[in-house]
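Each chain, written out:
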Amino acid sequence: MKVISVLNEKGGCGKTTIATNLARGLQLAGESVLLIDSDVQGSARDWGAAQETVDTPVVVGMDRPTLHEDVSRVGEGNDLVVIDGAARAEKMQTSAIKASDLVLIPVQPSAYDIWSSETLVELVEARREVTGRPKAAFVVSRQIVGTNLAAEAQEALESFDLPVLEGRTSQRVIYAEAAAQGLSVVDLDSSSKAAGEVRQITEDTLEILNSQIAKTNGTTQ
Ligand SMILES: Nc1ncnc2c1ncn2[C@@H]1O[C@H](COP(=O)(O)OP(=O)(O)OP(=O)(O)O)[C@@H](O)[C@H]1O
Ligand SMILES: [Mg+2]
């Protein structure tokens, strides 16, 4: 069993959207997946409860910072666990980092938003120095359709020594529609551009998770 957390201290950056779509995307790729909602707001739990006809991943709420102690027991029997992170919840975030093999950091494509993830990146790196895990990568979230990543956002991303997934989400109404129905964008319209985005994020996530190379400070391990 491997654990992927979707974390960022910043509210509204797309954690739950990416966590729910990724969990469902991984399931559609053939993995058995449990989704853990670590946010007291319970948005992922609401998503899980919004429909009963499609066999989307089971969602359990674990919003205490003892998550890392319980995750292997709770996730037992699944190939993958996806943790939806909480904003402004440092202890939860630290616990999720400890639980994780891979931390995905959704960032909206603005330099300020990217820089504000510095504390999180430092926490991940500190943990990795001690235990060799987790891996980490940025995921660009809510990019405006038809635009390229602004030069300053690109520079901000490059100022961190973390990979950036090729897959990203663009700002599209279908993400909000799928959320309201407890589905992924792939369920709603498998030929949509958003579905293509989620498939790419899923593929990139599996590739990083299964690669032997963890990029740390420009070196390989
Ligand atoms: N790519 C997107 N296109 C359109 N709407 C989006 C997209 N990503 C997120 N949203 C919408 O933006 C809002 C915030 O997104 P989301 O809930 O995923 O962020 P979050 O980081 O989980 O927030 P919080 O910190 O409050 O948990 C939601 O209403 C969501 O539907
Ligand atoms: Mg959320």
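Keep in mind the model is a prediction, meaning the values are calculated, not measured.

1. Details of the site of ligand 1
Residues in close proximity to ligand 1 total 18 residues, the closest being Lys15, Thr16, Thr17, Ser170 and Arg172. Separating an oxygen atom of ligand 1 from a side-chain N or O atom of Gln41 is a distance of 3.1 Å. In isolation ligand 1 exposes 620 Å². Once the protein is present, 79% of that is buried. Spatially, ligand 1 is embedded in the largest pocket. Sorting the residues of the shell around ligand 1 by element identifies helix H1 (15-28) and helix H8 (173-181) as the ones contributing at least two each. Counting residues per element, the shell around ligand 1 draws most heavily on H1, which supplies 3 residues. Classifying every residue of the shell around ligand 1 by side-chain character gives 4 nonpolar, 9 polar and 5 charged.

2. Thoughts on the layout of surface pockets
Reported here for the largest pocket is a volume of approximately 460 Å³. When residues of the lining of the largest pocket are traced back to their parent elements, those giving at least two are H1, helix H2 (43-49) and H8. It is H1 that contributes the most residues to the lining of the largest pocket, 6 residues altogether. Here the lining of the largest pocket is built from residues that sort into 7 nonpolar, 14 polar and 6 charged.

3. Notes on the side chain of Asn21
One can find Asn21 in helix H1. Given the relative accessible area of 4%, Asn21 is considered buried. Within the local environment of Asn21, its side chain forms a polar contact with the backbone oxygen of Thr17, the two atoms lying 2.8 Å apart. Residues within four places of Asn21 in sequence aside, it is in contact with Tyr175, Ser184, Val185 and Val198.

4. Overview of the side chain of Ser192
Within the element layout of this structure, Ser192 appears in the loop between helix H9 (185-188) and helix H10 (193-210). Engagement of the side chain of Ser192 in a polar contact is seen with the backbone nitrogen of Ala195, the distance being 3.1 Å. Those residues in contact with Ser192 that lie beyond four places of it in its chain are Ile174 and Val185.

5. What to know about the pairing of strand S2 (residues 33-37)
Taken across its 5 residues, S2 has 5 buried, putting it largely inside the fold. Examined bridge by bridge, S2 and strand S4 (residues 80-84) share 5 bridges and lie parallel to one another. Bridge pairing in S4 links Ile36 to Ile83. The pairing of S2 with strand S3 (residues 58-61) spans 4 bridges and is classified as parallel. Residue Leu34 lies in a different strand from S3, and its bridge partner there is Val58. Between the parallel pair S2 and S3, the chain is carried across by H2, and the sense of this crossover is right-handed.

Rules of the game
Residues numbered from 1 in each chain as written. Chains lettered and ligands numbered in written order. Predicted model: local features only at pLDDT ≥ 70, side-chain atom pairs only at ≥ 80, totals over all residues. Heavy atoms only, no water. Near = heavy atom within 4 Å. Polar contact = N/O pair within 3.5 Å; in protein donor to acceptor, adjacent residues only side chain to side chain. Areas by Shrake-Rupley, 256 points an atom, 1.4 Å probe, with all protein chains shown as cover. 1 Å grid on protein atoms, 1.4 Å probe; cavity = no way out; pocket = protein on both sides within 12 Å on 5 of 7 lines; lining within 4 Å. Sits in = over half its atoms within 2 Å of the grid points. Helix = DSSP H or I, 4+ residues; strand = E, 2+ residues; numbered from the N terminus. Nonpolar A, V, L, I, M, F, W, Y, C, P; charged D, E, K, R; others polar. Points joined across faces, edges and corners; volume = space filled by probe spheres on them. Buried < 20%, exposed > 50% of the residue type's maximum accessible area, 1.4 Å probe, protein only. Contact = heavy atoms within 4.5 Å. Pairing = 2+ DSSP bridges. Right-handed = clockwise from strand over helix to strand, strands pointing away.

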